[in-house]
Amino acid sequence: MSVVSSRVTSVSSILKGSGVRTALVGPQKKICFKLPRDLKTVLLNYENGRDRQAYQDMICILRDSNVKDHELLELLKDLQECMSMLGSVHSLFIEVILNISWINRAPEVTACFKKFVLELLCMHIYHSKLVINKLIFKFRSTDEGATQWINGKCPESYIAKIGHIHDLLKKFLQLIPMSSGLLVQSLTSIYPHTSEGILVTEQYLLALVHIMNYAPQLRKDILCLIIDRLIALDVSVPPSEIQNFEDGDMEEDEDEAIFDMDDSTAKNNGKNTVDMQMKHPGAQMLDICMEQILSYIHNFCYVNGQLQIDPLKSIYNDLLYAFEKLILPTYASHHVQFLMFYLCSFKSAVTEAFVRWLWQKVSNPNVAPILRQSAVLYIASLLARATYVTIGLIQGVLSEMSTWIHSYISSQDSLECANSDVRVHAVFYSVCQAMFYLLAFRHKDLMDGERNLRFLEGLNLNKIVTCRLNPLKVCQSAVVQNFAAVTRKYQLAYCYTVIERNARSNLPVQYSSNRYQSLNWLDTFFPFDPYRLVLSGQRITELYNNSQTAISNESHVSTNKVEFDDDDFIDENFSSHSFEAQNRLDKFSYSTSPGFKYT
């Protein structure tokens, strides 16, 4: 006796392609079949198992045919009459309906579709995740004739169409506040990959910005999502590959190329920077995304040109949370941290609060050393580069650093034998390097006036450079040379004796025990090095200090002999447009972070 096995086609397979038939006859054009007139009977027969074929045929018609406006309108009205029947068993049917393109249809059809979705969610919360996913996914879908954005500006036609989805999401959050968690999960999982192109990414990011406007309770989570994705994009784009150089420029000497990048902002001031194209596609995408977020921050804090204090406090707290969680622990991020740089420019109190918060990280021994080192780099780089920073704030930070350094030195001097492993004193050396860097970079502002000079004399720099921990031996050579030139000129400290002794000593580079690493462990980037993105960079240029204020010739130091001449002093007549002056900066380019060169 033979056994005949029967297999019932699963309803879920209806949404899939027709397999062999598609391969034989090729893709089919959209066809139009009539939907069943008695929808309620079709749903009941499917649930009772009396007639599943009619239900499956209806799903195929909705999936494959081009449903006209009047047909869709009639279907939606029928669905509202049997809304109570659309439970979990009909999730496939609901998915097919949500897949129908509806935002480009007649106003009455669009309004009816939105009403259907809201009523469905109110009656059957089971479909919440499916509905939210389908709505969010439409943010990243693009029409074949989609208009490209110009200078980061979204076409008004797209904003009008996508507004229907935002209306649904806003009402959905009002009706079911607990659904905010589902929304954040969907926004995270559906965030487009960079390989999907610039248009998809900028559309999706625009949607996230709009959601933050009507759902402020989600702003912190959405900002963290955006910043997390932008950081991943930022670290994948080498700064040396951002600007679009000519072929001849690529053959330049390595040092000259570094300084060309340093002055890229100044060179572009005379050009239409918006029209410049960056050669790295990731940089183009990052630029557009950064412009959207910077624009959002500005529009959120300013109303009719007036700064609003409460919104400023709110977004500062949200950005600070994202900064602590994502930006501060990230190494080699070049642009995303400028979100805080830009926000701090709105009010001096914000800058002071941010610097105070960073210094609390540095001075807290319970914080991981690598985070303390990163925090002090942010302090030094912000104070050196921001044009809106006051001299009083710089002096206050230098005073705090000096007090902390001297306290650390005293604690080590009280020990009979200090630990010789430089990694144990990593935070100390980082604070010293930050202090040296800041003094060298802003020395012209700090030395302006006899009162300021007396303040610097009170820092007791000579004790710092001559202590037995010997920070001049560990800090980056370029920073040390410029700091030495500045302190010698103003007779604040004499570093060259220590530098000469360090140059004669034979330092261990690396042992097999890994106890000693190369002393280049302190060769790190300064987080607010020049901003190289073109479109969003226009917001940063006027806030940014591009001047090279410290010049020295590092070649004066050799392993056996130290020679001094007039070049050890700061050149007061230095012009940033002088080619000769640029060559003198070869060994110390603040723009590329001392000791960090792009290859």
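Residues numbered from 1 in each chain as written. Predicted model: local features only at pLDDT ≥ 70, side-chain atom pairs only at ≥ 80, totals over all residues. Heavy atoms only, no water.

Participant: Please explain the overall build of the chain as it appears in this structure.
Facilitator: Within the chain, the secondary structure is distributed over 28 helices and two strands. Per-residue burial for the chain yields a buried fraction of 51% across its 599 residues. Expressed as a percentage of contacts within the chain between residues at least 6 apart in sequence, the contacts between residues at least 24 apart total 79%. (Helix = DSSP H or I, 4+ residues; strand = E, 2+ residues; numbered from the N terminus. Buried < 20%, exposed > 50% of the residue type's maximum accessible area, 1.4 Å probe, protein only. Contact = heavy atoms within 4.5 Å.)

Participant: When you look at the packing of aromatic side chains in this model, what are you seeing that I'm missing?
Facilitator: Centre-to-centre distance and the angle between the planes together describe a pair of aromatic rings. Counted under the stated rule, the structure contains 27 aromatic pairs. Summarising the aromatic geometry, the rings of F354 and W357 are spaced 6.5 Å apart at their centres and angled 10 degrees between planes, so their arrangement reads as stacked. Pair noted here: F354 and W357 are both in helix 17 (residues 348-363), with a separation of three residues, about one helical turn. Here the two residues F354 and W357 agree in accessibility, since each one is buried. Summarising the aromatic geometry, the rings of Y378 and F528 are spaced 5.6 Å apart at their centres and angled 80 degrees between planes, so their arrangement reads as edge-to-face. Linking Y378 in helix 18 (residues 369-385) with F528 in the loop between helix 26 (496-504) and helix 27 (537-541), this pair joins segments that are 150 residues apart in sequence. Taking relative accessible area as the criterion, F528 reaches 0% and is therefore assigned buried. Here the aromatic residues F323, F338, F341, F354, W357, Y378, Y388, F528, Y531 and Y544 are joined through ring pairs into a cluster of three or more. If you follow R52 out to its NZ or CZ, it ends over the ring of Y46, 4.8 Å from the centre. Looking at K220, its charged tip hangs above the ring of Y321, at a distance of 4.7 Å from the centre. (Phe/Tyr/Trp six-rings, centres within 6.5 Å; stacked < 30°, edge-to-face > 60°. Lys NZ or Arg CZ within 6 Å of the ring centre and 35° of its normal.)

Participant: Quick question: what am I supposed to make of empty space enclosed by the protein here?
Facilitator: Over the atoms rolls a probe the size of a water molecule, and its path tells where empty space is left. Enumeration according to the criterion identifies two cavities of 30 Å³ or more in this entry. Empty space within the second largest cavity amounts to approximately 30 Å³. S348, T351, E352, Y388, V389, T390 and L393 together form the lining of the second largest cavity. At three residues, helix 17 tops the list of elements feeding residues into the lining of the second largest cavity. Here the lining of the second largest cavity is composed, by residue class, of three nonpolar, three polar and one charged. (1 Å grid on protein atoms, 1.4 Å probe; cavity = no way out; pocket = protein on both sides within 12 Å on 5 of 7 lines; lining within 4 Å. Points joined across faces, edges and corners; volume = space filled by probe spheres on them. Nonpolar A, V, L, I, M, F, W, Y, C, P; charged D, E, K, R; others polar.)

Participant: Would you take a moment to explain unusual backbone geometry for this structure?
Facilitator: The backbone of N460 sits at a positive phi, close to 55 degrees, despite the residue not being glycine. The residue N460 is located in the loop between helix 22 (450-457) and helix 23 (461-466) in this model. Even without being a glycine, Q491 presents a positive backbone phi close to 55 degrees. Here Q491 falls in the exposed class, since its relative accessible area comes to 71%.

Participant: What should I look at first to understand the environment of Y316 in this one?
Facilitator: Relative to the helices and strands, Y316 resides in helix 15 (residues 309-327). When neighbours within four sequence positions are excluded, Y316 is seen to be in contact with M340, L343, V350, A353 and F354.

Participant: I keep staring at helix 5 (residues 91-99) and nothing clicks. Help me out?
Facilitator: Residues spaced three or four apart along an α-helix point in a common direction, a consequence of the helix completing one turn every 3.6 residues. Taken as a whole, helix 5 has its buried residues at L92, F93, I94, V96, I97 and L98. Residues of helix 5 that are buried in the fold lie against helix 2 (39-48), helix 3 (52-64), helix 4 (69-81), helix 6 (107-123) and helix 7 (128-137).

Participant: Looking at this model, I keep getting lost on the nonpolar core. Mind explaining?
Facilitator: Counting residues in hydrophobic clusters, the biggest one holds 183 residues, and the most contacted among them are F93, F116, I297, F341, F354 and F428. Counting residues per element, this core draws most heavily on helix 20 (residues 426-441), which supplies 13 residues. Excluding residues within four positions of it along the chain, F116 makes contact with L76, L79, Q80, M83, L86, I94 and I97. (Core = buried A, V, L, I, M, F, W, Y, C linked by side-chain atoms within 4.5 Å.)

Participant: How should the environment of V209 be read in this particular structure?
Facilitator: Mapped onto the fold, V209 is located in helix 10 (residues 198-214). Residue classification places V209 among the buried positions, given a relative accessible area of 9%. Sequence separation of V209 and S295 is 86 residues, and the distance between their C-alpha atoms is 9.9 Å. The contact partners of V209, leaving out residues within four places of it in the chain, are I293 and Y296.

Participant: Whenever I open this one, the pattern of salt bridges confuses me. Can you help?
Facilitator: Oppositely charged side chains can pair when the atoms bearing their charge come close. For the coordinates displayed, the defined rule picks out 12 salt bridges. Of the charged contacts, one joins R229 and D228 as a salt bridge, the two residues approaching to 3.7 Å between their closest N and O atoms. Note on R229: relative accessible area 27%, which makes it partly exposed. By relative accessible area, D228 is classed as partly exposed at 36%. One salt bridge in this structure joins K361 and E324, with 2.6 Å as the shortest N-O distance. Pair noted here: K361 is in helix 17 and E324 is in helix 15, with a separation of 37 residues, a long-range link. Judged by relative accessible area, K361 falls into the buried class, the value being 17%. According to the relative accessible area criterion, E324 is partly exposed, its value standing at 36%. (Salt bridge = Lys/Arg side-chain N within 4 Å of Asp/Glu carboxyl O.)

Participant: What am I meant to see in the packing of helix 17 against helix 18 here?
Facilitator: When two helices pack together, their arrangement is captured by the angle between the axes and the distance separating the axes. In contact at an axis separation of 8 Å, helix 17 and helix 18 are set at 150 degrees when each is read in the N-to-C sense. Comparing their axes, helix 18 and helix 17 come out roughly antiparallel. As helix 17 packs across helix 18, the resulting crossing turns out to be left-handed. Every residue of helix 18 that contacts helix 17 at T351, F354, V355, L358, W359, K361, V362 and S363 is listed here: R372, A375, V376, Y378, I379, L382 and L383. Its residues assigned to classes, the contact of helix 17 with helix 18 shows 11 nonpolar, two polar and two charged. (Axes fitted to C-alpha atoms, helices over the stretch in contact; angles between N-to-C directions. Parallel < 35°, antiparallel > 145°, perpendicular 65-115°, else oblique. Left-handed = near helix turned anticlockwise from the far one by under 90°.)

Participant: Would you take a moment to explain helix 3 for this structure?
Facilitator: Between its first and last C-alpha, helix 3 extends 18 Å over 13 residues, near the 18 Å set by a 1.5 Å rise per residue. Taken as a whole, helix 3 has its buried residues at Y55, Q56, M58, I59, I61 and L62. The inward-facing, buried residues of helix 3 abut helix 2, helix 4 and helix 5. One side-chain oxygen of the residue at the start of helix 3 lies 3.3 Å from the amide nitrogen of Q53, identifying that residue as D51. (Expected span 1.5 Å × (residues − 1). Polar contact = N/O pair within 3.5 Å; in protein donor to acceptor, adjacent residues only side chain to side chain.)

Participant: Looking at this model, I keep getting lost on the side chain of D318. Mind explaining?
Facilitator: Relative to the helices and strands, D318 resides in helix 15. With a relative accessible area of 10%, D318 lands in the buried category. Apart from residues lying up to four places away in sequence, D318 is in contact with R219, K220 and L223.

Participant: Help me out: how do you make sense of the confidence of the model for the chain in this one?
Facilitator: Any region with low pLDDT has predicted coordinates that should not be read closely. Chain-level pLDDT for the chain is 79 on average; 74% of the residues reach the 70-or-more range. Confidence drops under a pLDDT of 50 for residues 245-275, and excluding neighbours within four residues, the segment shows 49 contacts in the predicted structure. (pLDDT = per-residue confidence, 0-100.)

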